[in-house]
Amino acid sequence: MRLATHQLGDRTVATADAGSGPRCTGAASVDDLLRRDDWRAVARRAAADGEPLPPSARPLQPILSPGKVLCCGLNYRAHIEEMGRGVPEEPTFFAKWADTLVGPDADVVLDAGDTEKLDWEAELAVVVGADLRRASVDECAAAIAGYTVSNDVSLRDRQWATTQWLSGKAWDATTPVGPAVVTADAFDPAEHTVTCRVDGETVQRAPLDDLLFSAAELLHHAARFTRLRPGDLILTGTPAGVGAGREPQRFLADGQVLETEISGIGLLRNTIRITA
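Residues numbered from 1 in each chain as written. Predicted model: local features only at pLDDT ≥ 70, side-chain atom pairs only at ≥ 80, totals over all residues. Heavy atoms only, no water.

Enquirer: Looking at this structure, how should I read helix H2 (residues 39-49)?
Expert: Because the α-helix completes a turn every 3.6 residues, residues three or four places apart line up on one side. Within H2 the residues assigned to the buried category are Trp39, Val42, Ala43, Ala46 and Ala47. With its buried residues spanning 130 degrees around the axis, H2 presents them on a single face. Within H2, the exposed residues directed more than 90 degrees away from the buried face are Arg44, Ala48 and Asp49. Considering only its buried residues, H2 is in contact with strand E1 (2-8), strand E2 (11-17), strand E3 (23-24), helix H1 (30-34), strand E11 (144-151) and strand E13 (175-183). (Buried < 20%, exposed > 50% of the residue type's maximum accessible area, 1.4 Å probe, protein only. Helix = DSSP H or I, 4+ residues; strand = E, 2+ residues; numbered from the N terminus. Arc of directions from axis to C-beta. Contact = heavy atoms within 4.5 Å.)

So, in structure tokens, the structure goes:
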């Protein structure tokens, strides 16, 4: 099943689609829907006989107000090698906020003085569907609501300005997410591929089963130090092919179109806008 959030006039609506088109669930967003204990039943009923979504609706990022956005750096072996880092024994986490997220067709807008090294990082994102704290890997696997597409667009000069990555990773409105959440019962990461393109050129492509730490393992490690709740997002890391790992290095420029795609989920298409 596909869950999505759309702008419909002056309100936002969550939809469920089991194959016959998106239908309204009565919730304001996917994360709003997931905070209901019976969200699966509500989604199934909506997909079967809910009000069809009007064609005028505009897609938004499916998760509008996550309590937490946690990201794993260095989680693909080839990416670890290209960045010259050692293989970690535990996940390397950093955080974002809801203000970082933008929709599947939104522009990524920065001021000219913000960065000279804007980089792409195509990623699978995991959507939490239940409360988790000190949970086993199996419990975490059962608590995954579904998966979506993201791009951890990074300001490398800000990221590398100190030993802490935060300012280069949590810049407002720089992390595209969407276009939908595919529920965990309908998506096996091991069967799919993540791809990133810049102006049509493929710059990243990798199977999702190359993750060092699986989605459930990431939730397990995160839930050791913080409570995860429905609607929280975990970005699982990026494969090799980022601009900073190339020789010579290569970065995004004004007007370029960044496409991020995961087979079985969908496509993000975001234009880079650098304003004077």
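Enquirer: Before we go on, may I ask you to explain the sheet that holds strand E15 (residues 201-207) in this structure?
Expert: What holds strands together in a sheet is hydrogen bonding between their backbones, with the strands either parallel or antiparallel. Ordered by their spatial adjacency, 5 strands build an open sheet running E8-E18-E17-E14-E15, and the pairing between neighbours is mixed. Strands at the two margins of the open sheet, each flanked by one partner only, are strand E8 (108-111) and E15. Strand-to-strand twist of the sheet, defined as the mean angle between neighbouring strand axes without regard to direction, takes the value 15 degrees. Two strands pair when backbone bridges link them, and E8 and strand E18 (residues 266-275) are joined in this way by 4 bridges, in the parallel orientation. Bridge pairing in E18 links Leu110 to Ile274. (Pairing = 2+ DSSP bridges. Axes fitted to C-alpha atoms, helices over the stretch in contact; angles between N-to-C directions.)

Enquirer: Would you explain the pattern of salt bridges in this entry?
Expert: When charged atoms on two side chains of opposite charge get close, those side chains can pair. By the definition in use, this model includes 13 salt bridges. The partner of Arg36 in a salt bridge is Asp38, and the shortest N-O contact between them spans 3.2 Å. Overall, Arg36 belongs to the partly exposed group, its relative accessible area being 40%. Accessibility expressed as a relative area gives 32% for Asp38, which makes it partly exposed. With its nearest N and O atoms 3.8 Å apart, the salt bridge here joins Arg224 to Glu90. (Salt bridge = Lys/Arg side-chain N within 4 Å of Asp/Glu carboxyl O.)

Enquirer: Can you help me understand the side chain of Lys96 in this one?
Expert: Along the polypeptide, Lys96 turns up in strand E6 (residues 92-96). Polar contacts involving the side chain of Lys96 include one to the main-chain carbonyl oxygen of Lys169, which spans 2.4 Å. Among all residues touching Lys96, those that are not within four sequence positions of it are Val69, Cys71, Asp152, Lys169, Ala170, Thr175 and Leu235. (Polar contact = N/O pair within 3.5 Å; in protein donor to acceptor, adjacent residues only side chain to side chain.)

Enquirer: Which parts of the structure should I look at to understand unusual backbone geometry?
Expert: In this model, Gly178 is joined to Pro179 through a cis peptide bond whose omega is -10 degrees. Following Glu247, the chain continues into Pro248 via a peptide bond in cis, with omega recorded as 0 degrees. Along the chain, the position of Pro248 falls in the loop between strand E16 (233-235) and strand E17 (257-262). Notably, Arg134 is not glycine yet its phi reads approximately 50 degrees, a positive angle. Note that Arg134 resides in the loop between strand E10 (122-128) and helix H4 (137-142). We note that Asp199 has phi near 50 degrees; this positive angle belongs to a residue other than glycine. For Asp199, the position within the fold is in the loop between strand E14 (193-198) and E15. On the basis of relative accessibility, which here comes to 47%, the residue Asp199 falls in the partly exposed class.

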